[in-house]
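Inside the fold
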Amino acid sequence: MPIVHLNGQNLPAGDACVPVLDRGFIFGDGVYEVIPVFGGHPFRLSEHLRRLENSLGEVRIPNPHARAEWAALIQRLVDENGGGDQSVYLQVTRGPAARDHALPENPTPTVFAMSNPLHPAAAEILAQGIKAISLDDIRWTRCHIKAISLLPNILLRQTALDAGAAEAILIRDGYATEGAASNLFAVFDEKPGGILVTPPKGPHLLPGITRDVILELAGAHGIAHRESDIRREDLARASEIWVTSSTKEVLPVTTLDDKPVGNGKPGPLFLRIHELYQAYKTGLHDSGDN
Ligand code: PDD
């Protein structure tokens, strides 16, 4: 049984219990992070912890740990679950309190973390790409906060799955924002070699850590790119569409709304960025400097 962390203690998952009045259970009142771990080293840990701090601050949950404490807690969990490649899930709720919409005065946040094995995308998915459908973005307007209340995301993802697709591309006011659990990139053939475009950060999308890595790699390797809005109708003329996340890395969307994207195969920029991403990870791993 995997080992989880709950409020300062590591214990088998089956022995970890949270009070029923925890506001995470009652209201979905909490925030989370998902941190990939490669070769036993958390990837972009400072960036994930900075985003966690930001989410906590936005929803006014006191941060229960200093950064070094978070880092130690995560490393211990990774080690106790056998190292290697993992995906650490970290959640902080406002903790137990009598049910009342008003914030409790002196909350004791609940800290929970677990880790699951992290598997690379299957070769056939990388070779063929995935299907996606576009759906109206039914979420709230503070999507930059990584909140645990994910009911809209869950329903959107399930609607995509029910339609035989793997991801939903969300549309708000005519603009594509991101996926149900991923960020969005598109390639437009405005210039030779194409230009890579992703919607700018703002309250309508999560500032993805993978998104930042992709933009950094594009910048470092001379791949033309910009952060700008993508209109719903622009998606139909994109030669490539990708979705990115910590657990899925970069996946090519080769069918959108039952129509092929570009020639219906993963495009040349995807192949390049995928290679660069893998090389970057391996380089960090080898230098022990995640
Ligand atoms: N989700 N946008 C949304 C709505 C997400 O839920 C995620 C990731 C991303 C990508 O962010 P990052 O690159 O930092 O993983 C964008 C995680 C993996 C999840 O909920 O499981």
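Scroll up for the structure.
Definitions and limits used
- Residues numbered from 1 in each chain as written.
- Predicted model: local features only at pLDDT ≥ 70, side-chain atom pairs only at ≥ 80, totals over all residues.
- Heavy atoms only, no water.
- Helix = DSSP H or I, 4+ residues; strand = E, 2+ residues; numbered from the N terminus.
- Rg over C-alpha atoms; globule rule 2.2 N^0.38 Å.
- Buried < 20%, exposed > 50% of the residue type's maximum accessible area, 1.4 Å probe, protein only.
- Contact = heavy atoms within 4.5 Å.
- Areas by Shrake-Rupley, 256 points an atom, 1.4 Å probe, with all protein chains shown as cover.
- Lys, Arg positive; Asp, Glu negative; His and termini not counted.
- Charge placed at Lys NZ, Arg CZ, Asp CG, Glu CD.
- Expected span 1.5 Å × (residues − 1).
- Salt bridge = Lys/Arg side-chain N within 4 Å of Asp/Glu carboxyl O.
- Pairing = 2+ DSSP bridges.
- Axes fitted to C-alpha atoms, helices over the stretch in contact; angles between N-to-C directions.
- Phe/Tyr/Trp six-rings, centres within 6.5 Å; stacked < 30°, edge-to-face > 60°.
- Lys NZ or Arg CZ within 6 Å of the ring centre and 35° of its normal.

Looking at the overall build of the protein
When helices and strands are counted, the protein shows eight helices and 16 strands. Taken over the C-alpha trace, the protein has a radius of gyration of 20 Å; the compact-globule value for 290 residues is 19 Å, and the two agree within 12%. In terms of overall dimensions, the protein has a C-alpha envelope of 55 × 45 × 30 Å along the principal axes. Taken across its 290 residues, the protein has 50% of its residues classed as buried. In the protein, the share of contacts with a sequence separation of at least 24, taken over all contacts with a separation of at least 6, comes to 69%. Accessible area of the protein: about 13,600 Å², with a carbon and sulfur share of 54%. For the protein, the distance from the average site of its 27 positive side-chain charges to the average site of its 35 negative ones is 4 Å.

With respect to helix 6 (residues 209-220)
The end-to-end C-alpha distance of helix 6 is 17 Å, a good match for the 16 Å that twelve residues give at a rise of 1.5 Å each. Along helix 6, the residues that are buried comprise Ile-209, Thr-210, Arg-211, Val-213, Ile-214, Leu-215, Leu-217 and Ala-218.

So, the pattern of salt bridges
One pass over the structure, following the stated rule, counts 20 salt bridges. A salt bridge links Arg-44 to Glu-216, with the shortest nitrogen-to-oxygen separation between them at 2.8 Å. Of the two residues, Arg-44 sits in the loop between strand 4 (41-42) and helix 2 (45-59) while Glu-216 sits in helix 6, which places them 172 residues apart along the sequence.

Comments concerning the sheet that holds strand 3 (residues 30-38)
An order of 2-1-6-5-3-4 is seen for the six strands of this open sheet, with the pairing classed as antiparallel. Looking at which strands have only one partner, the edges of the open sheet turn out to be strand 2 (9-12) and strand 4. Running over the sheet, helix 2 touches strand 3, strand 4 and strand 5 (86-93) and is turned about 175° from strand 3. Those strands touched by helix 3 (residues 67-80) are strand 1 (3-6), strand 2, strand 3, strand 4, strand 5 and strand 6 (110-117), and its axis lies near 135° from that of strand 5.

A look at the pairing of strand 14 (residues 240-245)
Taken across its six residues, strand 14 has six buried, putting it largely inside the fold. Taking every second residue as pointing to the same face, both faces of strand 14 are buried, with Glu-240, Trp-242 and Thr-244 on one and Ile-241, Val-243 and Ser-245 on the other. Judged from the five bridges that link them, strand 14 and strand 15 (residues 249-256) form a sheet pairing that is antiparallel. Opposite Trp-242, over in strand 15, you have Pro-252 as the bridge partner. Hairpin connection between strand 14 and strand 15: a loop of three residues separates the two successive antiparallel strands.

A short note on the packing of aromatic side chains
According to the stated counting rule, one finds six aromatic pairs in the structure shown. Judged by centre distance (6.4 Å) and plane angle (70°), the ring pair of Trp-242 and Phe-270 falls under edge-to-face. Here Phe-270 lies in helix 8 (residues 268-287) and Trp-242 lies in strand 14, a separation of 28 residues in the sequence. Over the aromatic face of Phe-38 sits the side chain of Lys-281, whose NZ or CZ is 4.3 Å from the ring centroid.

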